[in-house]
Amino acid sequence: MSILVNKDSKILVQGFTGTEGTFHATQMIEYGTNVVGGVTPGKGGTQHLERPVFNTVADCVKSTGADVSIIFVPPAFAADAVMEAADAGIRLVVCITEGIPVQDMVKVKNYLQGKPTRLVGPNCPGVITSGECKVGIMPGFIFKPGRIGIVSKSGTLTYEAADQVAKAGLGISTAVGIGGDPIIGTTTKEAVELFMNDENTDAIVMIGEIGGGMEAEAARWIKENGNKKPVVGFIAGQTAPPGRRMGHAGAIVGGADDTAAAKMKIMTECGIHVVNSPADIGKKMAEVIGK
């Protein structure tokens with residue numbers, strides 16, 4: 001069993017009939033993902049992409065047994081969509097939406113406490129288990145099946161790392177894009193922990209960026225737990241000026257520990273193989289696992 005999703009996962013799409021939902025659901029189906037239906041309020045009872053459309057997540061779950069949801073809902077309604085999915089008993093919610101107000105995410109984070117639902121995102125590319133299941137917006141052809149896990153705040157760097165790992169003669173077990181917002185459902189450390197406990201993953205690529213303390217938290221956890229699997233790390237934003245937001249909402253240097261240099265130092269001290277350029281990720285991984 002890979003982490004989070006596999007060929008047996010039953011996916012529902014929230015915002016199914018919209019432009020984004022339609023485009024990416026089509027790509028997911030073409031990849032071989034088991035998309036069982038979707039939700040667009042007011043369009044229940046119709047068909048879309050040869051799949052049933054429901055008014056609510058609860059209806060869709062009852063009818064199809066869906067256990068994973070992907071959200072393509074506009075920012076103003078996305079937080080409600082996450083909570084609706086959690087209410088319906090969905091175990092994994094992947095929220096792609098960018099621009100959800102921070103206050104909304106505070107409510108979501110609070111709401112999910114004590115519930116069995118795991119949220120990945122928002123503002124993320126999603127999750128893919130190579131050759132089995134794509135729940136997200138990543139280009140599927142880049143991900144060759146293998147035994148390297150990827151956890152990343154950045155979407156494009158996820159694809160870059162996957163491509164390099166493949167070119168180094170290795171492949172990807174699962175890649176998790178955790179998202180670039182200040183408040184997200186699954187942290188770097190939580191994703192790393194899933195990979196450390198996954199028998200199908202031999203090594204991990206951990207991609208972070210300036211802002212926040214997630215990478216340091218993950219690095220310390222890896223060290224405390226005896227560096228069970230090799231980790232190659234990269235931090236984006238090495239030339240970023242302090243106090244200015246760089247792309248992602250969460251990518252802002254607030255204090256001394258938020259800088260790329262500080263994060264890279266902590267990661268190196270914790271036994272992570274840190275590279276200075278994303279161009280070296282694949283090469284370093286091959287070297288580290290002795291291929």
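Residues numbered from 1 in each chain as written. Predicted model: local features only at pLDDT ≥ 70, side-chain atom pairs only at ≥ 80, totals over all residues. Heavy atoms only, no water.

Peer 1: Now, about the pairing of strand β9 (residues 133–136): what can you tell me, with residues and values included?
Peer 2: Sheet topology places strand β8 (residues 126–129) next to β9; four bridges connect them, and they run antiparallel. Within β9, the position partnered with Val127 by the bridge is Val135. Linkage of β8 to β9, two consecutive antiparallel strands, is achieved through a turn of three residues, within which Gly131 is found at a positive phi near 75°. (Pairing = 2+ DSSP bridges. Helix = DSSP H or I, 4+ residues; strand = E, 2+ residues; numbered from the N terminus.)

Peer 1: Before we move on, could you go through helix α6 (residues 188–196) and cite the residues and values that matter?
Peer 2: Among all positions of α6, only Thr188, Lys189, Ala191, Val192, Phe195 and Met196 are buried. Projected down its long axis, α6 shows its buried positions confined to an angular sector of 160°, all on one face. At its buried positions, α6 is contacted by β10 (145–152), β11 (172–177), β12 (203–209), α7 (214–224) and β13 (231–236). (Buried < 20%, exposed > 50% of the residue type's maximum accessible area, 1.4 Å probe, protein only. Arc of directions from axis to C-beta. Contact = heavy atoms within 4.5 Å.)

Peer 1: I'd like a rundown of the environment of Gly255, residues and numbers included.
Peer 2: Counting through the fold element by element, Gly255 comes out in the loop between β13 and α8 (260–269). For the pair Gly255 and Asp8, spaced 247 residues apart in the sequence, the C-alpha separation amounts to 44 Å.

Peer 1: Can you break down the pattern of salt bridges residue by residue, with the values?
Peer 2: Counted under the stated rule, the structure contains nine salt bridges. As a salt-bridge pair, Lys265 and Glu269 come within 3.0 Å of each other at their nearest N and O atoms. Remark: Glu269 and Lys265 occur in helix α8; sequence separation between them is four residues, near one turn of the helix. A residue is classified by how much of its surface remains accessible, and Glu269, at 48% relative accessible area, is partly exposed. Each of Lys153, Glu215 and Lys263 takes part in salt bridges that share partners, so that together they form one network. (Salt bridge = Lys/Arg side-chain N within 4 Å of Asp/Glu carboxyl O.)

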